[in-house]
Amino acid sequence: MFSSFFSTVAPTDPHAPNFHPVSSAYKPEELFGELEPKDTEWTCPGGFAVETQTFYHFLEDGTSVMCQVIHSSVGVWYPTIQFTTKIYNPNTKERTWKSLNVTNFVTPPPGLDKRSSKADQFSLTHKSKPGSDTPESYLLTANLGDDLQITLDIGRPATVPGFKVGKGPNGGFSYYGPDPKNAEGYMIHRFWPRTRATGMIVHKGQAIAAKGPGVFVHAIQGMRPNLTAARWNFAFFHSESHGGVSAVQMDFTTTEAYGRKGAGSGFATVSVGGLVLGGKLAAVTAETKWPDEEYAQSGVISRAIHTKTAHDSETGYNAPTELAFRWAAPSILPDAQGAVDATLTVDIGTPDAYKGLIEKVDVLAEIPYVIKTMVNYVAGTKPYIYQWQNPSTLHVSLPAGIIPGVSDKVEVEGELYNEATFIS
């Protein structure tokens with residue numbers, strides 16, 4: 001996979017494509033690739049790579065909870081493994097953040113497969129119950145210090161299979177470099193688009209019942225993270241109405257170095273996502289936006305657009321003040337065929353008075369020191385992740401048979417968690 005990483009031989013044609021997005025690799029009817037057991041196994045890649053497993057949940061009182069395991073490889077250095085968590089209560093505005101470099105990380109733990117992992121500070125145990133209403137689940141336990149302990153049982157409903165874009169071993173992969181079969185690097189995302197968590201969070205000695213829907217994302221950046229993408233957007237919408245509605249989208253824009261016409265033709269945007277309607281996975285979306293083309297007006301649509309922006313003097317970026325997300329693709333449900341289309345627009349205010357802002361995360365202050373020394377970010381730039389949580393409305397057009405009693409359009413009130421990341 002990385003045999004060409006250190007090669008000094010230039011491709012025969014300097015204008016040949018050196019980015020091969022998963023969003024352009026499959027026909028509309030081939031976008032849904034159901035996850036296989038190996039897809040959510042830890043790969044712990046060598047070279048320069050970052051692998052993450054991230055769980056996002058909304059609790060019954062509106063509190064959002066994020067738990068993430070990060071496996072970072074930097075060349076010949078020993079990998080760094082972090083466990084991070086962020087808990088945000090929009091009612092009290094209280095924010096709890098923990099990031100620990102864990103010790104004695106193991107995958108697989110004794111008696112389990114590589115879908116499970118553990119360290120001194122946490123354990124993540126995958127459980128299978130084929131044929132049940134919850135065929136897969138994770139038991140997450142974490143002791144993050146005297147003031148924070150977490151126990152969550154996170155299940156995936158049988159009606160909501162995990163997915164990647166495209167079937168088979170290459171499903172989900174975007175490749176960097178002129179030859180996808182001998183790639184310089186890769187990017188992949190795999191999803192459980194709707195989960196259900198139950199458990200307990202003990203914060204400063206106070207026990208908090210943790211119950212609510214969520215999403216699970218397994219991602220790998222198989223290259224230096226400052227080379228894979230210049231921008232990111234992530235959105236997770238959920239509602240308990242209409243039998244359960246969720247929308248998830250992951251969107252990234254390449255650096256200038258990787259594009260359709262070789263180095264210098266970059267800033268291609270890849271967006272992948274999925275829609276859960278009526279408690280069932282209804283559609284998988286994927287779209288490529290090349291910088292020299294306009295957005296398509298029909299067909300499969302998957303996009304996150306900063307429809308309004310303003311300069312943020314704190315970070316130096318033109319940050320969004322309004323965002324629009326859209327998912328459109330054929331229904332994957334055999335008994336409810338037709339086009340599914342969903343849109344969501346959120347007004348988040350101005351950089352000096354944001355609505356629902358959880359935090360502006362200074363990336364370089366959070367990543368391990370060894371990675372910081374090996375990743376050469378553009379001089380003068382400072383990567384930031386903006387995180388918001390706001391009530392939102394998902395406008396859905398859908399065929400009959402997906403949501404009982406709905407055969408055309410429906411507006412779904414819910415909660416949106418979204419991120420906008422600026423790398424360079």
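What you see is a predicted model, and the numbers here were worked out from it, not measured in a lab.

Criteria and cut-off values
Residues numbered from 1 in each chain as written. Predicted model: local features only at pLDDT ≥ 70, side-chain atom pairs only at ≥ 80, totals over all residues. Heavy atoms only, no water. Phe/Tyr/Trp six-rings, centres within 6.5 Å; stacked < 30°, edge-to-face > 60°. Helix = DSSP H or I, 4+ residues; strand = E, 2+ residues; numbered from the N terminus. Buried < 20%, exposed > 50% of the residue type's maximum accessible area, 1.4 Å probe, protein only. Lys NZ or Arg CZ within 6 Å of the ring centre and 35° of its normal. pLDDT = per-residue confidence, 0-100. Contact = heavy atoms within 4.5 Å. Salt bridge = Lys/Arg side-chain N within 4 Å of Asp/Glu carboxyl O. Polar contact = N/O pair within 3.5 Å; in protein donor to acceptor, adjacent residues only side chain to side chain.

Colleague: How should I be thinking about the packing of aromatic side chains in this particular structure?
Modeller: The geometry of two aromatic rings is summed up by the distance between their centres and the angle between their planes. For the structure on display, the rule yields 25 aromatic pairs. Relative to Tyr-386, the ring of Tyr-354 lies with its centre 6.1 Å away and its plane at 85°, an arrangement referred to as edge-to-face. Of this pair, Tyr-354 sits in strand S23 (residues 353-354) while Tyr-386 is found in strand S25 (residues 384-397), placing the two residues 32 residues apart along the sequence. Tyr-386 shares its class with Tyr-354; the two are buried. The rings of Phe-19, Tyr-176, Trp-232, Phe-252 and Tyr-258 are connected pair by pair, giving a single aromatic cluster. Seen from the ring of Phe-48, Arg-224 lies directly overhead, with NZ or CZ sitting 4.0 Å from the centre. Above the ring of Tyr-295, the side-chain terminus of Lys-289 is found at 5.5 Å from the ring centroid.

Colleague: Even after reading the chapter, I still don't get the confidence of the model for the chain, so can you show me in this structure?
Modeller: A low pLDDT score tells you not to read the predicted coordinates there in detail. Mean pLDDT over the chain stands at 92; residues scoring 70 or higher make up 93%. A low-confidence stretch, residues 1-9 stays under pLDDT 50, and its non-local contacts, those more than four residues away or across chains, total 19 contacts.

Colleague: Help me understand the pattern of salt bridges, please; the structure alone is not making it clear to me.
Modeller: Side-chain pairs of opposite charge can arise whenever the charged atoms involved come near each other. Within the structure shown, the criterion is met by 21 salt bridges. A salt bridge links Glu-240 to Arg-194; the nearest nitrogen and oxygen atoms lie 2.5 Å apart. Remark: Arg-194 occurs in strand S13 (residues 185-203) and Glu-240 occurs in the loop between strand S15 (231-239) and strand S16 (245-253); sequence separation between them is 46 residues. Accessibility expressed as a relative area gives 6% for Arg-194, which makes it buried. Its salt-bridge partner being Glu-293, residue Arg-260 comes within 3.1 Å of it at the nearest N-O pair. Remark: Glu-293 occurs in the loop between strand S18 (280-289) and strand S19 (301-311) and Arg-260 occurs in the loop between S16 and strand S17 (269-277); sequence separation between them is 33 residues. Here the salt bridges share partners, and the residues they tie into one network are Asp-113, Arg-115, Glu-136 and Arg-156.

Colleague: What am I meant to see in the environment of Leu-35 here?
Modeller: The residue Leu-35 is located in the loop between strand S2 (32-34) and strand S3 (48-58) in this model. The exposure class of Leu-35 is buried, given its relative accessible area of 15%. Note: C-alpha distance between Leu-35 and Thr-103 (68 residues apart in sequence) is 30 Å.

Colleague: Would you explain the side chain of Thr-228 in this entry?
Modeller: By the element assignment, Thr-228 lies in helix H1 (residues 225-228). What makes Thr-228 buried here is its relative accessible area of 0%. A distance of 2.7 Å separates polar atoms of two side chains, one belonging to Thr-228 and the other to Gln-221. When sequence neighbours within four positions are dropped, the list of residues in contact with Thr-228 reads Tyr-176, Met-187, Gln-221, Met-223, Phe-252, Thr-254 and Thr-255.

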